[in-house]
Amino acid sequence: MKRFLTIPTRIGKATLYLFIAYWIVTILGILLTIFFAATFHPPTPEELGVPVTQAPAYLMTLPYHPLLNLLIWPLFGWRYLQSLSPQIPRIREALRLGAYWAVITIVVDLLGWVLIPHIWRMTFKEFYVDYQPWITLIYLIIFLSPIAAGRLMKHS
């Protein structure tokens, strides 16, 4: 039976790398917010009476979120593709990996940032409308990272 188009050959490794990259980017984003708060001393969410996701320190970091993703995801895409046997077509596998990572990330984001209550939780509108263009750029970076890594590997 033919494998579903978006399932990478090494699903366990693809999933492990996805969650490691996801957590690294998430932690870096939180640390960047803390750094901006400590450096620029904007009003706190408590002072303004707003959620953490409306705090000036957090809002200042938004343009940097795609950059954080661009620094992390290609490394994991490259590492995954590097571990494949030479018989597996890298570009096709890179497409599968990018699609898989993008779909899983969209689902995890919906659960983790919108549906499950916590201090950083956002409404659907805040995450999918107000967080534009950043969230769209992030999803494109996640999808394209393995493809770019595969292309670079082909030329090296």
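The paragraphs below set out a description of the structure included in this document. (Residues numbered from 1 in each chain as written. Predicted model: local features only at pLDDT ≥ 70, side-chain atom pairs only at ≥ 80, totals over all residues. Heavy atoms only, no water.)

1. Observations regarding the environment of G29
Here's step 1: Note that G29 resides in helix α1 (residues 11–40).
Here's step 2: Classification of G29 as buried rests on a relative accessible area of 13%.
Here's step 3: Sequence separation between G29 and L68 is 39 residues, and the spatial gap between their C-alpha atoms is 7.4 Å. (Helix = DSSP H or I, 4+ residues; strand = E, 2+ residues; numbered from the N terminus. Buried < 20%, exposed > 50% of the residue type's maximum accessible area, 1.4 Å probe, protein only.)

2. Regarding α1
Here's step 1: With 30 residues, α1 extends 43 Å between its outermost C-alpha atoms, agreeing within 8% with the 44 Å of an ideal straight helix rising 1.5 Å per residue.
Here's step 2: Three or more residues of α1 are buried, namely A14, Y17, L18, A21, Y22, V25, T26, G29, L32, T33 and F36.
Here's step 3: Where α1 ends, the next residue or the one after it, H41, has phi of about 50°, a positive value. (Expected span 1.5 Å × (residues − 1).)

3. So, the packing of aromatic side chains
Remark: the centre distance and the inter-plane angle together describe each pair of aromatic rings, the angle taken between the planes.
Here's step 1: Under the criterion given, the structure shown has ten aromatic pairs.
Here's step 2: Ring geometry for Y17 against F76: centres 5.7 Å apart, planes inclined by 65°, an arrangement best described as edge-to-face. Here F76 lies in helix α4 (residues 65–82) and Y17 lies in helix α1, a separation of 59 residues in the sequence.
Here's step 3: By relative accessible area, Y17 is classed as buried at 10%.
Here's step 4: Between F36 and Y64, the ring centres sit 5.7 Å apart and the planes meet at 65°, which makes this aromatic pair edge-to-face. Of the two residues, F36 sits in helix α1 while Y64 sits in the loop between α3 (56–61) and α4, which places them 28 residues apart along the sequence. (Phe/Tyr/Trp six-rings, centres within 6.5 Å; stacked < 30°, edge-to-face > 60°.)

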